[in-house]
2 protein chains.
Amino acid sequence: MKSIRVLVMGCGGVGRQLLEHIISCRSLHAQQNLVLRVVGVCDSQSLLLVDDVSEMELNDEFLLELCRAKSAGSPLSSLRGSGKFHVFENFEVKEKVIDAAGLLGSSSGLAVVDCSASSETVEILMQAIDLGCCVVLANKKPLTCKIDEYEKLVSKFRHIRYESTVGAGLPVIASITRVLASGDPIFRIIGSLSGTLGYVMSELEDGKLFSQVVNAAKGLGYTEPDPRDDLGGMDVARKALILARLLGWRINLDELKVESLYPNELGPSSMSTEEFLNRGLQSLDSYMADKVRGASLKGNVLRYVCVIEGSRCHVGLQELPKDSPLGRLRGSDNVIEIYSRCYKKSPLVIQGAGAGNDTTAAGVLADIIDLQDLFL
Amino acid sequence: MKSIRVLVMGCGGVGRQLLEHIISCRSLHAQQNLVLRVVGVCDSQSLLLVDDVSEMELNDEFLLELCRAKSAGSPLSSLRGSGKFHVFENFEVKEKVIDAAGLLGSSSGLAVVDCSASSETVEILMQAIDLGCCVVLANKKPLTCKIDEYEKLVSKFRHIRYESTVGAGLPVIASITRVLASGDPIFRIIGSLSGTLGYVMSELEDGKLFSQVVNAAKGLGYTEPDPRDDLGGMDVARKALILARLLGWRINLDELKVESLYPNELGPSSMSTEEFLNRGLQSLDSYMADKVRGASLKGNVLRYVCVIEGSRCHVGLQELPKDSPLGRLRGSDNVIEIYSRCYKKSPLVIQGAGAGNDTTAAGVLADIIDLQDLFL
């Protein structure tokens, strides 16, 4: 039986879902001679770590209790004293994770899994890699840091996986990695990588008003609490940067051209979320309706896409033929078209649900399993 | 620098293309600290093997000469005497491959790559796996043998890859493997996995006659020399079986329901290829036109698909909504829809060129590279 030791950073929706997936896959993984041993879990304040990372693990009963506690809004520290583990507070977390990485990285191995949304984890991850551990990310931030740090982070590229940072569990990174590994040069990627903006654009196509559609998307839970976090395009830009860097581009986030769907005057420094939803959005209705109509007159539809091509990495609105994989996209699915020597006339297309904790955590788990040959 | 030793069985179009890809990727792989060393090549009659598999390899200049000789129709044996290698004839091939596998399997590792179309390789492959080697297949036959042999072949499932057996280089097997590894149960797969039949069905949709379309497909080089090899559905059935077995189904090829697009009376035992093309096909025109029209009246289109669902693995014609990924398919692209817990309402869709030596060989090469963690 091969053991994969796992330390999970972040126990928001994705982190908790990952723990539940690990537990529900026990018998499946046992059939494959695999066992995943969770040795520690972090939230934004604390690290809960077994006393002896080489010999012990958090058992399933306790992990479920931990998930329940976190769902109910309790911090990890509330679990202190209920088992053979320690809870370390903020200032100790980094040191203790690195201690565990040092101990396990040179012996049985450790997968450090970043399901947080923090930009502060990159140093821990880099050190973990240096110490011989593997790293799996659902968190985009460490991959969209400055290029020098990024290159350090991915230098041992077989030790790092980050499928769920783009299109959730959709096999986007895995597929691009395969294409590149076979020496098939990719010359163009175009994708709709935001379920939220995909939904918004396909609803606009049906003649609805922008303000109406964004409010509906918020009502359906498709948007961030402040929908401007989606409409600004930075989340898509991070995904685009991750893909561009995978293609070998040495660029930084601030070099991307990013089109925001709202102007500065309607930004968070000028008005509250409520004001934006109730008043700001409406001032954009006729502009957006005109754009949609303009596209339609040419037989096109409007999509919010990332385009990586030539020397251009661009995120924003684009008119696309109604009869293309991107043009046909409806609802909140993600879709990506990859053009290469082998997929020149008609692209390699990957499409499906690109958001949701279940799918995202499933992608993280598949990444962990895919690292198994690096474990004893 | 990590060395992956490779022995290529089969030097038809895919095998030769693979050798060329390996050569043209030298600098790419060097950047990743990888070097692929080709120690031997088989055709249907002989094995050309370096004198010392641990220390030697066939150099690029010689491999290109080998590709040229094979393209020109010369057998491998014609190269005898032109370097530090031996050419073994038919009756010795198996023994010599297994000797090499035994030597390398327990030391530096060996990837035995089956690019042949033979059903005779399965024993060599099973022994290679037993001896600690890795196996990569573009050849469907060893994976569609009796279930007991299949299970032996894939028992060390991390040592075997076979992406290019389904949809050529399209990441179909890799994606399904990821979904399954994450504990996301797949309850339905439907796909159009024959470029030839995809082309035929989309042309029929435009009102052309069956006989006309099949003859055109043959003219474009889309079909086998005898198009009945495509129209009979057995090639699609093998792909369906490979996918069903990947899902864990313990079934054999003869348990699949396979619909042939021509009746027995028009089969190879009743008439020659020429007769079939000139006369036989026309007798099917009105039947096929009626089926296409019938589907169209319901807003559907006709597709030749494989369906794996419930307890059914079926290959044949199906009416599908015009407005589904399969219904929208045009030309010779492959497309596959995967339904699971995570991809329930809208499936995970993978689409793109599913045939061609370049793409198929690229898939094989990506598989070899993906095995690198098992090599020293």
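Residues numbered from 1 in each chain as written. Chains lettered and ligands numbered in written order. Predicted model: local features only at pLDDT ≥ 70, side-chain atom pairs only at ≥ 80, totals over all residues. Heavy atoms only, no water.

Chemist: In this structure, what is going on with the UniProt feature "binding site: NADP(+)" (unreviewed entry) in chain A? I would like to understand it.
Modeler: Residue and element names in this part refer to chain A. As recorded in UniProt, the sites labelled "binding site: NADP(+)" (unreviewed entry) are Gly10, Cys11, Gly12, Gly13, Val14 and Gly15. Within the fold, Cys11 resides in the loop between strand S1 (2-9) and helix H1 (13-24). Excluding residues that lie within four positions of it along the chain, Cys11 makes contacts with Arg16, Val41, Cys42, Asp43, Lys70 and Leu76. Tracing the chain through its elements places Gly15 in helix H1. In contact with Gly15, other than residues within four places in its own chain, are Val8, Gly10 and Cys115. (UniProt positions renumbered as here; feature names shortened; annotations may be inferred. Helix = DSSP H or I, 4+ residues; strand = E, 2+ residues; numbered from the N terminus. Contact = heavy atoms within 4.5 Å.)

Chemist: How should the sheet that holds strand S9 (residues 257-258) of chain B be read in this particular structure?
Modeler: Strand-to-strand pairing in sheets goes through backbone hydrogen bonds, with the strands running parallel or antiparallel. The strand order across the open sheet formed by 12 strands is S9(A)-S11(A)-S10(A)-S8(A)-S12(A)-S13(A)-S13(B)-S12(B)-S8(B)-S10(B)-S11(B)-S9(B), and the pairing between neighbours is mixed. Both edges of this open sheet fall to strand S9 (257-258) of chain A together with S9 of chain B, since each of them pairs with a single strand only. Inspection of the sheet shows strand S10 (residues 300-309) of chain A paired to strand S11 (residues 312-321) of chain A by 10 bridges, in the antiparallel sense. The residue bridging Glu309 of chain A from the neighbouring strand is Arg312 of chain A, located in S11 of chain A. Helix H8 (residues 195-205) of chain A rests against strand S8 (186-192), S10, S11 and strand S12 (333-340) of chain A of the sheet, and its axis sits at about 150 degrees to S10 of chain A. (Pairing = 2+ DSSP bridges. Axes fitted to C-alpha atoms, helices over the stretch in contact; angles between N-to-C directions.)

Chemist: Help me understand the pattern of salt bridges in this model?
Modeler: Side-chain pairs of opposite charge can arise whenever the charged atoms involved come near each other. Residues and elements named next belong to chain A. Inspection of the entire model under this criterion finds 50 salt bridges over all chains. Here Asp43 makes a salt bridge to Lys70, at a shortest N to O gap of 2.9 Å. Linking Asp43 in the loop between strand S2 (34-42) and strand S3 (46-50) with Lys70 in helix H3 (residues 60-71), this pair joins segments that are 27 residues apart in sequence. Neither residue differs from the other here; Asp43 and Lys70 are each classed as buried. In this structure, Lys239 and Asp235 form a salt bridge, with 3.3 Å as the shortest nitrogen-oxygen distance. (Salt bridge = Lys/Arg side-chain N within 4 Å of Asp/Glu carboxyl O. Buried < 20%, exposed > 50% of the residue type's maximum accessible area, 1.4 Å probe, protein only.)

Chemist: Whenever I open this one, the UniProt feature "domain: Aspartate/homoserine dehydrogenase NAD-binding" (unreviewed entry) in chain A confuses me. Can you help?
Modeler: Under the UniProt annotation, the feature "domain: Aspartate/homoserine dehydrogenase NAD-binding" (unreviewed entry) is placed at residues 10-158 of chain A. Across residues 10-158 of chain A one finds 42% helix and 18% strand; the C-alpha atoms that close the span lie 23 Å apart.

Chemist: Where do I start with the pairing of strand S1 (residues 2-9) of chain B in this structure?
Modeler: Working note: regular strand, side chains alternate between the two faces of the sheet. All names here are of chain B. Burial within S1 is extensive, with seven of its eight residues counted as buried. Sheet topology note: the S1/strand S2 (residues 34-42) ladder contains eight bridges and is parallel. The residue of S2 that forms the bridge with Val6 is Val38. The pairing of S1 with strand S5 (residues 111-114) spans four bridges and is classified as parallel. Of the residues in S5, the one forming a bridge with Met9 is Asp114.

Chemist: Where do I start with the side chain of Asn139 of chain A in this structure?
Modeler: Residues and elements named next belong to chain A. Locating Asn139 in the fold gives a position in the loop between strand S6 (134-137) and helix H6 (147-153). Within the local environment of Asn139, its side chain forms a polar contact with the backbone oxygen of Ser118, the two atoms lying 2.7 Å apart. Once residues within four sequence positions are removed from consideration, Asn139 is found in contact with Asp114, Ser116, Ala117, Ser118, Thr121 and Thr165. (Polar contact = N/O pair within 3.5 Å; in protein donor to acceptor, adjacent residues only side chain to side chain.)

Chemist: Help me understand the packing of aromatic side chains, please; the structure alone is not making it clear to me.
Modeler: What describes a pair of aromatic rings is the distance from one ring centre to the other and the angle between the planes of the rings. Residues and elements named next belong to chain B. A full pass over the atoms with the stated rule returns eight aromatic pairs over all chains. Seen in terms of ring centroids, Phe62 and Phe85 are 4.8 Å apart; in terms of plane orientation they differ by 40 degrees. Their pairing is tilted. Of this pair, Phe62 sits in helix H3 (residues 60-71) while Phe85 is found in strand S4 (residues 85-89), placing the two residues 23 residues apart along the sequence. In this structure Phe62 comes out as buried when scored by relative accessible area, which is 8%. Taking relative accessible area as the criterion, Phe85 reaches 9% and is therefore assigned buried. (Phe/Tyr/Trp six-rings, centres within 6.5 Å; stacked < 30°, edge-to-face > 60°.)

Chemist: Mind showing me how you'd approach the interface of chain B and chain A here?
Modeler: For interface size, the figure often reported is the accessible area lost on association. Residue-level contacts link 43 residues of chain B with 43 residues of chain A. Together, the buried faces of chain B and chain A total about 3600 Å²; carbon and sulfur atoms form 51% of this surface. Of all residues in chain B, Arg158, Arg178 and Asp373 of chain B bury the most surface against chain A, accounting for 20% of the area lost on that side. The tally of links between chain B and chain A comes to eight salt bridges. Linking Asp370 of chain B and Arg158 of chain A is a salt bridge whose minimum nitrogen-to-oxygen distance equals 3.8 Å. Counting only elements with at least two residues in the side of chain B that touches chain A, the list comes to helix H2 (26-31), helix H7 (172-181), strand S13 (348-353) and helix H15 (357-370) of chain B. A per-element tally of the side of chain B that touches chain A places H15 of chain B first, with nine residues. Of the residues assigned to the side of chain B that touches chain A, the class counts are 20 nonpolar, 13 polar and 10 charged. (Buried area = accessible area lost by both parts, 1.4 Å probe. Nonpolar A, V, L, I, M, F, W, Y, C, P; charged D, E, K, R; others polar.)

Chemist: When you look at the relation of the copies chain B and chain A in this model, what are you seeing that I'm missing?
Modeler: Each copy of the chain is related to the other by a rotation around an axis and a translation along that axis. By a simple turn and slide, chain B fits onto chain A: the slide is 0.0 Å along the axis, the RMSD is 0.0 Å, and the turn is 180 degrees. Given the turn and translation reported, the copies of this chain are related as if by a two-fold rotation axis. Among all C-alpha atoms of chain B, that of Ile350 of chain B lies closest to the rotation axis, at 2.4 Å. When the interface residues of chain B are mapped onto chain A, 100% of them are again interface residues, pointing to one common binding face. (Least-squares fit on C-alpha atoms with pLDDT ≥ 70 in both.)

Chemist: Can you help me understand the domain arrangement of chain A in this one?
Modeler: All names here are of chain A. Looking at the assigned domains, one finds that chain A contains domain 1 (2-169 + 358-374) and domain 2 (186-352). Computed from C-alpha coordinates alone, the two centres of domain 1 and domain 2 are separated by 31 Å. Each side of the interface is counted separately: domain 1 has 14 residues, and domain 2 has 16 residues. Summed over both sides, the interface between domain 1 and domain 2 buries roughly 1300 Å², with carbon and sulfur atoms accounting for 59% of that surface. Three residues stand out in domain 1 for area buried against domain 2, namely Thr144, Ile147 and Val166, and they jointly supply 40% of the buried area on that side. Applying the counting rule to domain 1 against domain 2 returns four salt bridges. A salt bridge links Arg250 to Asp148, with the nearest nitrogen and oxygen atoms 3.9 Å apart. Seen at the junction of domain 1 and domain 2, the total is six residue pairs in polar contact (both at pLDDT 80 or more). Looking at side-chain class alone, the side of domain 1 that touches domain 2 contains six nonpolar, three polar and five charged residues. (Domains from an automatic or database assignment.)

Chemist: When you look at the sheet that holds S5 of chain B in this model, what are you seeing that I'm missing?
Modeler: Residue and element names in this part refer to chain B. Within the open sheet, the seven strands sit side by side as S4-S3-S2-S1-S5-S6-S7. Their pairing is mixed. Lying at the two open borders of the sheet, with one neighbouring strand each, are S4 and strand S7 (160-161). Strands S1, S2 and S5 of the sheet are contacted by helix H1 (residues 13-24), whose axis makes an angle of about 150 degrees with S2. Sitting on the sheet, H3 touches S2, strand S3 (46-50) and S4, and the angle it makes with S2 is about 40 degrees.

Chemist: What is the right way to look at the packing of helix H4 (residues 90-105) of chain B against helix H5 (residues 122-130) of chain B in this model?
Modeler: Between two packed helices, both the angle of their axes relative to each other and the distance between the axes serve to describe the pair. All names here are of chain B. Where H4 meets H5, the axes come as close as 9 Å, and the angle between the chain directions of the two elements is 15 degrees. Relative to H5, H4 is oriented roughly parallel. Between H4 and H5 lies a crossing of right-handed hand. Together, Lys94, Val97, Ile98 and Ala101 of H4 and Glu123, Ile124, Gln127 and Ala128 of H5 make up the contact between the two elements. Taken together, the residues of the contact of H4 with H5 break down into five nonpolar, one polar and two charged. (Parallel < 35°, antiparallel > 145°, perpendicular 65-115°, else oblique. Left-handed = near helix turned anticlockwise from the far one by under 90°.)

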